[in-house]
Amino acid sequence: MTLRDLARRSFMVGGSLFVVAGFWLLHNGRLTLNASHSLPEPAYLMWAWPKVIWKGAVISADPPAAYAARFDGLLFTKRVVGLPGDRIEHRDGAVCVAGECFPLAVKDGAPFAPALAEGVIPDGHYAAFGSSADSLDSRYATVGLFARESIRAVGVGTTLVPHWKELKAWADAHGY
C-alpha cells in the first residue's frame, strides 16, 4: 500500500466518520441557553440519545404537572444529584440527597412550598436541583423527582457560549 492509498483511505474513513457524527449531532444535539440563575453555566451542550444519566449530568425535562400550564413549551434544566437507590432526608430546613443538602427557600418565615418526601429514589426517577435556594426543582414536592420518560436531553455545562444577556447586548449594539 502506497502513501497515496493510505492517505485516500484515511480521508474516506475520516470523512465518513465526520458525516455520521454530523448527522447524529443535527438529529440529537442541542444547545440550551440558561435564562435563569438556577445553574451557574451560561449554556449546556445537550443530546437526546443516548440518554445516559449520571450524577452531575445536566438534564432538560418536561415541566412537572403542577407547572405545566405556566411553563408550556419550556423545559426544566437542572443538575442530577440523586440517582435511583439514593436516600432523600430532611435536615435543618434542607432536603438532602445522598448526603448533599439543598436549603428550602423561605418566604414569610416558612418554606416556599412543601419539601420533597423522605425515602429512597425509585427506579427510573432522578432528583435534579439548581444551585440557588429559590430554584424550582426536586427539593419541592410540587416538582418532585424527574421520571426518565420526562427527560428530553442530557448534557454538560459550558462556558464557551456567553450568557444570553451578553449575546443580546452585543446584538443590540450592532443593530441586529
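Everything that follows concerns the structure shown earlier in this document.
None of the values given here were measured: they were computed from a predicted structure. (Residues numbered from 1 in each chain as written. Predicted model: local features only at pLDDT ≥ 70, side-chain atom pairs only at ≥ 80, totals over all residues. Heavy atoms only, no water.)

Draft legend 1. Here's a closer look at the sheet that holds strand 12 (residues 146–147). A sheet is described by the order of its strands in space; here 7 strands give the open sequence 1-2-13-3-4-11-12, paired in antiparallel fashion. Bordering the open sheet on either side are strand 1 (29–33) and strand 12, each of which pairs with just one other strand. One ladder, built from 2 bridges, connects strand 11 (residues 125–129) with strand 12; its direction is antiparallel. Note on strand 12: the bridge partner recorded for His125 is Ala147. Strands in contact with helix 1 (residues 3–28) are strand 1 and strand 2 (43–47); relative to strand 1, the strand with the most contacts, it is inclined by about 45°. (Pairing = 2+ DSSP bridges. Helix = DSSP H or I, 4+ residues; strand = E, 2+ residues; numbered from the N terminus. Contact = heavy atoms within 4.5 Å. Axes fitted to C-alpha atoms, helices over the stretch in contact; angles between N-to-C directions.)

Draft legend 2. Inspection of the pattern of salt bridges at higher detail. Taken as a whole and judged by the stated rule, the model has 7 salt bridges. The salt bridge involving Lys55 is made with Asp86; its shortest N-O contact spans 3.2 Å. Here Lys55 is found in the loop between strand 2 and strand 3 (58–61), whereas its partner Asp86 is found in the loop between strand 4 (76–82) and strand 5 (87–91), with 31 residues between them in sequence. By relative accessible area, Asp86 is classed as buried at 15%. Among the ionic pairs, Lys168 bridges to Asp172, the shortest N-O distance being 2.7 Å. Placement of both Lys168 and Asp172 in helix 2 (residues 164–173) is noted, with a separation of 4 residues, approximately one turn of the helix. (Salt bridge = Lys/Arg side-chain N within 4 Å of Asp/Glu carboxyl O. Buried < 20%, exposed > 50% of the residue type's maximum accessible area, 1.4 Å probe, protein only.)

Draft legend 3. Representation of the packing of aromatic side chains within the structure. By the definition in use, this model includes 6 aromatic pairs. The interplanar angle of 85° and the centroid separation of 5.2 Å between the aromatic rings of Phe71 and Phe76 together place this pair among those described as edge-to-face. When its relative accessible area of 6% is taken as the criterion, Phe76 is described as buried. Linked through ring pairs, Tyr67, Phe71 and Phe76 together constitute an aromatic cluster. (Phe/Tyr/Trp six-rings, centres within 6.5 Å; stacked < 30°, edge-to-face > 60°.)

Draft legend 4. Looking closely at the layout of surface pockets. Size it by volume and the largest pocket reaches roughly 610 Å³. If you go around the largest pocket, you meet 24 residues; those closest to its centre are Ser36, Ser38, Phe71, Leu75 and Lys78. For the lining of the largest pocket, the secondary structure elements donating two or more residues are strand 1 and strand 4. In terms of residue count, the dominant contributor to the lining of the largest pocket is strand 4 (3 residues). A breakdown of the residues in the lining of the largest pocket according to their chemical character gives 13 nonpolar, 8 polar and 3 charged. (1 Å grid on protein atoms, 1.4 Å probe; cavity = no way out; pocket = protein on both sides within 12 Å on 5 of 7 lines; lining within 4 Å. Points joined across faces, edges and corners; volume = space filled by probe spheres on them. Nonpolar A, V, L, I, M, F, W, Y, C, P; charged D, E, K, R; others polar.)

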